[in-house]
There are 2 protein chains.
Amino acid sequence: MKLKIAVLPGDGIGPEITQQSVKVLKAVADRFDHHFQFEDALVGAAAIDLLDNPLPEATLELCKKSDAVLFGAIGHPKYDNNPDAKVRPEQGLLQLRKGLGLFANIRPVKAYDKLIEQSPLKADRIAGADMVIYRELTGGIYFGDKFTTEDGQSATDVCTYSVEEISRMAHLAFKAAEKRSKKLTLVDKANVLETSRLWRKTVTAIGKEYPEVELDFLFVDNAAMQMILNPTQFDVILTENMFGDILSDEASVIGGSIGLLASASVGKENAMFEPIHGSYPQATGKGIANPVASILSAAMLLEHFGLVEEAEAVKKAVELSIKLNVCTIDINKDNHYTTEKVGDFLEGLISEVD
Amino acid sequence: MKLKIAVLPGDGIGPEITQQSVKVLKAVADRFDHHFQFEDALVGAAAIDLLDNPLPEATLELCKKSDAVLFGAIGHPKYDNNPDAKVRPEQGLLQLRKGLGLFANIRPVKAYDKLIEQSPLKADRIAGADMVIYRELTGGIYFGDKFTTEDGQSATDVCTYSVEEISRMAHLAFKAAEKRSKKLTLVDKANVLETSRLWRKTVTAIGKEYPEVELDFLFVDNAAMQMILNPTQFDVILTENMFGDILSDEASVIGGSIGLLASASVGKENAMFEPIHGSYPQATGKGIANPVASILSAAMLLEHFGLVEEAEAVKKAVELSIKLNVCTIDINKDNHYTTEKVGDFLEGLISEVD
Ligand SMILES: [Mg+2]
Ligand SMILES: [Mg+2]
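Since this is a predicted model, take the numbers as computed values, not measurements.

Quick notes on the rules
Along each chain, numbering runs from 1 in the same order as the chain's sequence is written. Chains carry letters and ligands carry numbers; both start at the beginning, A for chains and 1 for ligands, and go up in the order they are written. Totals for whole chains, interfaces and linings use every residue, but because this is a predicted model, local features are given only for residues with pLDDT of at least 70 and side-chain atom pairs only at 80 or more, for both listing and counting. Hydrogens and water molecules were not included; the side-chain quantities draw on all heavy atoms of the structure. Only heavy atoms enter the contact rule, under which two residues are in contact if any of them lie within 4.5 Å. A quick way to say it: buried area is the sum, across both parts, of accessible area lost when two parts are put together, with a 1.4 Å probe. Think of a salt bridge as a Lys or Arg side-chain nitrogen and an Asp or Glu carboxyl oxygen that are within 4 Å of each other. Any pair of nitrogen or oxygen atoms within 3.5 Å is treated as a polar contact; in protein, a donor-acceptor pairing is required on top of that, and neighbouring residues in sequence qualify only through side-chain atoms on both sides. Secondary structure elements are taken from DSSP: a helix is a run of H or I of four residues or more, a strand is a run of E of two residues or more, and numbering for both begins at the N terminus. Any nitrogen, oxygen or sulfur atom within 2.8 Å of a metal ion counts as a donor, with the limit raised to 3.2 Å for Na, K and Ca, and since water is left out, coordination shells can look unfinished. Relative accessibility decides the category of a residue: with a 1.4 Å probe and only protein chains considered, values under 20% of the type maximum give buried, values over 50% give exposed, and everything between is partly exposed. Side-chain atoms within 4.5 Å link the members of a nonpolar core, which is a set of buried Ala, Val, Leu, Ile, Met, Phe, Trp, Tyr and Cys residues. Aromatic contacts are taken between Phe, Tyr and Trp rings whose centres are within 6.5 Å, Trp giving its six-membered ring; a plane angle under 30 degrees counts as stacked, one over 60 as edge-to-face, and the others as tilted. Only residues whose relative accessible area exceeds 30% and that form no salt bridge are eligible for patches; like-charged ones are grouped when within 9 Å, while nonpolar side chains (Val, Leu, Ile, Met, Phe, Trp, Tyr) are grouped when within 5 Å. With residues, only the protein chains shown are counted as cover, and all accessible areas are computed by Shrake-Rupley using a 1.4 Å probe. Residue ranges labeled as domains rest on an automatic or database domain assignment. In this classification, Asp, Glu, Lys and Arg are treated as charged, Ala, Val, Leu, Ile, Met, Phe, Trp, Tyr, Cys and Pro as nonpolar, and every other residue, Gly included, as polar. Alignment of the copies relies on least squares applied to C-alpha atoms, considering only residues that score at least 70 for pLDDT in both. Strand pairing follows a simple DSSP-based rule, namely that at least 2 bridges must link the two strands. Lines are fitted to the C-alpha atoms to define the axes, a helix being fitted only along its stretch in contact, and any angle between axes, read from their N-to-C directions, falls within 0 to 180 degrees.

The partner chain A presents 47 residues to the 47 residues of chain B that form the contact. Roughly 4000 Å² is buried in total at the junction of chain B and chain A, and carbon and sulfur atoms are behind 65% of that figure. There are 2 salt bridges connecting chain B and chain A. Put simply, B:Lys189 and A:Asp245 hold a salt bridge, and the shortest N to O gap is 2.8 Å. The interface formed by chain B and chain A includes 26 residue pairs in polar contact (both at pLDDT 80 or more). Of all elements in the fold, only strand S6 (146-148), strand S7 (154-162), helix H8 (194-207), helix H9 (220-229) and helix H10 (241-254) of chain B reach the threshold of two or more residues within the side of chain B that touches chain A.

Bound to the magnesium ion (ligand 2) are the protein donor atoms A:Asp221 (OD), B:Asp245 (OD) and B:Asp249 (OD), situated 2.1 to 2.2 Å from the metal. Of this pair, A:Asp221 sits in helix H9 (residues 220-229) while B:Asp249 sits in helix H10, each in a different chain. Considered together, A:Asp221 and B:Asp249 belong to a single accessibility category, that of buried residues.

With that out of the way, let us pick up the coordination of the magnesium ion (ligand 1). Note on the magnesium ion (ligand 1): its protein donors are A:Asp245 (OD), A:Asp249 (OD) and B:Asp221 (OD). The metal-donor distances range over 2.1 to 2.2 Å. A residue pair is termed interchain when its members come from two chains, as with A:Asp245 in helix H10 (residues 241-254) and B:Asp221 in helix H9. As far as the burial class goes, A:Asp245 and B:Asp221 line up, both buried.

Another point: the pattern of salt bridges. Residues and elements named next belong to chain A. Across all of its chains, the model carries 34 salt bridges over all chains by this definition. For Lys 315, the salt bridge is made with Glu 312, and the minimal N-O distance between the two is 3.7 Å. Of this pair, Lys 315 and Glu 312 both sit in helix H12 (residues 308-323), 3 residues apart, roughly one helical turn. Look at Glu 312 and you get partly exposed, because its relative accessible area is 34%.

A few words now on the nonpolar core. Note on soluble globular proteins: their nonpolar side chains tend to be buried together. Counting 194 residues, the largest nonpolar core has A:Leu238 and B:Leu238 as its most contacted members. Filtering out sequence-adjacent residues up to four positions away, A:Leu238 remains in contact with A:Tyr134, A:Met169, A:Ala170, A:Ala173, A:Leu184, A:Thr185, A:Leu186, A:Val187, A:Trp199 and A:Val203.

The next subject is the packing of aromatic side chains. All names here are of chain A. By the definition in use, this model includes 4 aromatic pairs over all chains. Taking the centre distance of 4.9 Å and the plane angle of 5 degrees together, the rings of Phe 174 and Tyr 210 count as stacked. Of the two residues, Phe 174 is situated in helix H7 (residues 163-179) and Tyr 210 in the loop between helix H8 (194-207) and strand S9 (214-219); the sequence distance between them amounts to 36 residues. You can call Phe 174 buried: its relative accessible area is 0%.

Before going further, it helps to spend a moment on a nonpolar patch on the surface. A cluster of nonpolar side chains, A:Leu42, A:Leu50 and A:Leu51, forms an exposed patch at the surface whose accessible area comes to about 290 Å². Tracing the sequence through the fold places A:Leu50 in helix H2 (residues 45-51).

It is worth spelling out the domain arrangement of chain A at this point. Residues and elements named next belong to chain A. Domain boundaries in chain A define domain 1 (1-101 + 279-354) and domain 2 (103-268). Here the C-alpha centre of domain 2 lies 24 Å away from the C-alpha centre of domain 1. Contact with domain 1, which involves 16 residues of that partner, is made by 20 residues of domain 2. Note on domain 1 versus domain 2: buried area summed over both sides is about 1400 Å², and carbon and sulfur give 64% of it. Considering only the side of domain 1, the residues that lose the most area to domain 2 are Arg 97, Met 300 and Ile 322, jointly responsible for 35% of the buried surface there. Its salt-bridge partner being Lys 110, residue Glu 319 comes within 3.6 Å of it at the nearest N-O pair. On the surface where domain 1 and domain 2 come into contact, there are 2 residue pairs in polar contact (both at pLDDT 80 or more). Per-element tally for the side of domain 1 that touches domain 2: the top contributor is helix H11 (residues 292-304), with 6 residues. Within the side of domain 1 that touches domain 2, the residues separate by chemical class into 7 nonpolar, 5 polar and 4 charged.

The two copies are related by a screw motion: chain B maps onto chain A through a turn of 180 degrees and a shift of 0.0 Å along the axis, at an RMSD of 0.0 Å. On the angle and the small slide along the axis, the relation comes out as a two-fold axis.

Residues and elements named next belong to chain A. A sheet is described by the order of its strands in space; here 10 strands give the open sequence S2-S1-S3-S12-S11-S4-S5-S10-S8-S9, paired in mixed fashion. Single-partner strands in this sheet number two, and they are strand S2 (35-40) and S9. Sheet twist, expressed as the average angle between the axes of neighbouring strands with direction ignored, equals 25 degrees. Taken together, the 5 bridges between strand S1 (residues 2-10) and strand S3 (residues 68-73) define a ladder with parallel strand orientation. Bridge pairing links Val 7 to Leu 70 in S3. Helix-sheet contacts for H11 involve S1, S2, S3, strand S4 (102-110), strand S11 (262-267) and strand S12 (271-275), and the interaxial angle to S12 is about 155 degrees.

Right under this line is the structure:
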């Protein structure tokens, strides 16, 4: 397969982790006989510094022309700590999502046996947890009309969803469930919210097209409890923007290491892959950043294009590296490897023809 | 002090647990020389069965005339499992909250050392957690306009908050923080929502009247993570209706036993006290229901009227009973006490003049 991949390393540890992912993707291309073409572009603080724009026109154009975007991380303290800053690095990410029409955010959460010790949950609760959250990303209350009355005495936010917005999410989530354990949980608040009732009605109707997938429903308050009490019950979770924001962040901490969590943001024409962690500026250039979340994002990229065997090869390599403790300092306190060494090890595992 | 207390036992285990609370309150009245007058009234399925109304007029009248309402639990499977049922027991509770103008829901969450084993969180995370959540109960998106377009293609929910609604909540929460560890965390999503920005602005302004209380802010998605990662950081949490629904349910499971969690719902003129658990119909009449959540709700009632020493006496008795394992089967598996025996034991501890 030929793929044109835009690489947006961004700020902080972004460049050094993205470099490992590119290395891994190149090893995959070699072994499985694909042709991946990489092109770098500026985004975030790096782009503001040079061009006074967190998302330069050329970057957006490159992303649109590419099959996929591999994104590092964004954000720099010199902008965070300046309340007068008119352009902020984070705007680059929001504009990119909007510019590429990325309406679905996909976040897998998996408990690695080796890391259960680091989880805030007891081992018997978290062992075996393996879920993926499909969060609607461009609708709902975050993007609705919002206003304050002229006297400043009252404020309003409007939450709207259309059948079309819900349908395209539902199809993505059902298709994912078909390839996993065939269980889809819609999280809503249908006992109270009109938008939730539309979600439930629409998703139920679409569910008939996926008869193998078992569909169930959970109110968001209950879902927030179940995520702690019994996270292994979940396979694919589908939910609207704000509930997805809350639940996916809650889910991100139960596994014990945020340095391993990948994500995809998917639209009709484009798709972007990035670790869920930030730019971690204090760690920049020290070789201590964990590249695995970025590398697993690259695995999601492969999966997105149907390269299932290739994605499996990457994920298996990661699992082996964790088992063997070939890990950065966040996971391996005593005898840790550098960012680059972890990347090299994974590259080596993938290149090895078995 | 003279208090007129309306007792609404409700359904399922409601009557048997409420009976223990009344017993405990009578012991408090005796020991501290108060005069508490109790009057029972019907609510929920029990009221539907007799009067075809989950909240009979006479019940609401009694509650309005009383100083406080002691509420048991509501809900019965014969209505839950009947989708055609036009009146549902739960409507009794909603109508009661509305009829009494109860705008604040208050939920303490405390990790008892003895129960840490039962918590889904690891001991080092949960030990020492002791917080109280102030949730706005009658505003926001749950009570805003909601509609679906005529073609059924789009649905909307509106979230509105006024300065007045926010202010009365803020004063309650700041006053609570003054009496506790003097730390108040406002949970919002002020980086996105207009209503959240009004919350932040209003609460910040009111904070100047409470200079001893340290005020900080947390986005709701981050709060959902912090509740698992580090729950001991919280003292008083203040938040709007929907965020409060999600967070207080999430918080309710970290302590390890829902059978211990009390709540208060407070308005300008009235206040109601109830366990957070449901009517648990399968346990009805078996003597296995844990009365402690209801008894701790009675302690909140005492606190609400400034009877701090009295409330402490109840809470200390509960702590001792847990330490001594004088507990129902949900907590003491091997050698459990009945609902009534636990009530008797607590009554005895309180009556004992030291
Ligand atoms: Mg978030
Ligand atoms: Mg709830």
